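For reference, the chains in residue letters:
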Amino acid sequence: MAMRPSEQIAAFAIITLTTCIVAQTTTPPSKPADPIHAWVGLESPSDLDAWVQWHIAEERRLVAELFAVKGTRTPENTLVPFDAAQAQLDMAGHQIYVLFEVHPRSNIRDKAQELIGKLSTENDALGLNHDVYEALRAINLSTADAATKHYVNRTLLGYRLTGADKDPATREALRKLFDQMTQIDRKSTR
């Protein structure tokens, strides 16, 4: 069956758009030689940036893994990737903050200060992510031990306190406030 000219144009547009999107998709950053210690192999600010970008990419990959769960949500298939995602941001944040405070080279300290802001923004986005909140809320805790139940309940409380359970307009207003706080904090540390 032959396509009509309008269908051919639509198909061409879809193929062209898909090709452009695939071409623009960035490859994930390369795993650092030492993903635990930011200062290992640190020669330039771009090395530090690449180290942080890898941790952010890992956090996003783990959140995507959490979203990919089909069926019943359990601590193993939802809480474990959530914890690992948070750990990526925590590790990067702690390492970068240390470098900001003590590195002898000012260009590394300046880059670290910039990256603290990026990590803060990423952390705020995770903390306001309604879909992550809903995934955590959906975990079947019927067979979980008391410590796991407590941990999930405290995590959900934290999400509610940041507003992740609110409507999209409220979450956006909160995100803007978090961004403003990050900017004020960055200015106060200069």
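What counts as what
- Residues numbered from 1 in each chain as written.
- Predicted model: local features only at pLDDT ≥ 70, side-chain atom pairs only at ≥ 80, totals over all residues.
- Heavy atoms only, no water.
- Helix = DSSP H or I, 4+ residues; strand = E, 2+ residues; numbered from the N terminus.
- Buried < 20%, exposed > 50% of the residue type's maximum accessible area, 1.4 Å probe, protein only.
- Contact = heavy atoms within 4.5 Å.
- Core = buried A, V, L, I, M, F, W, Y, C linked by side-chain atoms within 4.5 Å.
- Expected span 1.5 Å × (residues − 1).
- Axes fitted to C-alpha atoms, helices over the stretch in contact; angles between N-to-C directions.
- Parallel < 35°, antiparallel > 145°, perpendicular 65-115°, else oblique.
- Nonpolar A, V, L, I, M, F, W, Y, C, P; charged D, E, K, R; others polar.
- Left-handed = near helix turned anticlockwise from the far one by under 90°.
- pLDDT = per-residue confidence, 0-100.
- Arc of directions from axis to C-beta.
- Polar contact = N/O pair within 3.5 Å; in protein donor to acceptor, adjacent residues only side chain to side chain.
- Phe/Tyr/Trp six-rings, centres within 6.5 Å; stacked < 30°, edge-to-face > 60°.

### A closer look at the environment of His-55
Within the secondary structure, His-55 sits in helix α2 (residues 45-67). For His-55, a relative accessible area of 1% gives the class buried. Sequence spacing of His-55 and Asp-90 is 35 residues, and the spatial spacing of their C-alpha atoms is 9.5 Å. The contact partners of His-55, leaving out residues within four places of it in the chain, are Pro-35, Gln-88, Met-91 and Ala-92.

### Section: the nonpolar core
One finds Leu-48, Ile-96, Leu-136 and Tyr-159 to be the most contacted residues of the largest nonpolar core, which totals 33 residues. Every element with two or more residues in this core is listed here: α2, α3 (75-102), α4 (106-127), α5 (130-137) and α6 (146-162). Considering each element in turn, this core owes the most residues, eight residues, to α3. Excluding its chain neighbours within four sequence positions, the residues that come into contact with Leu-136 are Thr-78, Leu-79, Phe-82, Val-152, Thr-155, Leu-156 and Tyr-159.

### A closer look at α2
With 23 residues, α2 extends 33 Å between its outermost C-alpha atoms, agreeing within 8% with the 33 Å of an ideal straight helix rising 1.5 Å per residue. Of all the positions in α2, only Pro-45, Leu-48, Trp-51, Val-52, Trp-54, His-55, Ile-56, Glu-58, Glu-59, Leu-62, Val-63 and Leu-66 are classed as buried. Along its buried surface, α2 packs onto α3, α4 and α5.

### Remarks on the packing of α2 against α4
Close contact between α2 and α4 brings their axes to 9 Å; oriented N to C, the two are set at 10 degrees. Between α2 and α4, the angle is such that the two are roughly parallel. Along its contact with α2, which presents Pro-45, Leu-48, Asp-49, Val-52, Gln-53, Ile-56, Glu-59, Arg-60 and Val-63, the element α4 presents Asn-107, Ile-108, Lys-111, Ala-112, Leu-115, Lys-118, Leu-119, Glu-122 and Leu-126. Across the contact of α2 with α4, the residue classes tally to 10 nonpolar, two polar and six charged.

### So, the packing of α5 against α6
Geometry of a packed helix pair, given as the angle between the helix axes and the separation of the axes. Axis separation between α5 and α6 bottoms out at 10 Å; the angle between their running directions is 155 degrees. Considering their axes alone, α5 and α6 lie roughly antiparallel with respect to each other. Note on packing geometry: the crossing formed by α5 with α6 is left-handed. Between α5 and α6, the contacting residues are Val-132, Tyr-133, Leu-136 and Arg-137 on the first element and Val-152, Thr-155, Leu-156, Tyr-159 and Arg-160 on the second. A per-class count over the contact of α5 with α6 returns six nonpolar, one polar and two charged.

### A word on the confidence of the model for the protein chain
Looking at the protein chain as a whole, its pLDDT mean stands at 86, while 84% of the residues score no less than 70. Within the model, pLDDT remains below 50 along residues 10-25, and this stretch shows one contact once partners closer than five positions in the same chain are excluded.

### Observations concerning α6
Here α6 contains 17 residues, and its C-alpha end-to-end distance of 24 Å stays within 8% of the 24 Å for a straight helix at 1.5 Å per residue. The complete set of buried residues in α6 reads Val-152, Thr-155, Leu-156 and Tyr-159. The buried side chains of α6 occupy one side of the element, clustering within an arc of 100 degrees when seen end-on. Of the exposed residues in α6, the ones pointing more than 90 degrees away from its buried face are Ala-146, Ala-147, His-150, Arg-154 and Leu-161. In this structure Asp-145 caps α6, since a side-chain oxygen of it lies 3.3 Å from the backbone nitrogen of Ala-147. Of the residues trailing α6, Gly-163 is marked for its positive phi of about 100 degrees.

### Considerations on the side chain of Gln-95
Mapped onto the secondary structure, Gln-95 falls in helix α3. Excluding anything up to four places from it in sequence, Gln-95 contacts Ile-36, His-37, Ala-38, Trp-39 and Trp-51.

### Considerations on the environment of Thr-148
Topologically, Thr-148 is positioned in helix α6. Here the alpha-carbon distance between Thr-148 and Pro-75, two residues 73 residues apart in the chain, equals 7.9 Å.

### Digging into the packing of aromatic side chains
Evaluation of the coordinates by the stated rule reveals three aromatic pairs. Judged by centre distance (6.1 Å) and plane angle (55 degrees), the ring pair of Phe-82 and Tyr-159 falls under tilted. One end of the pair, Phe-82, is in helix α3; the other, Tyr-159, is in helix α6, and 77 residues separate them in sequence. By relative accessible area, Tyr-159 is classed as buried at 5%.

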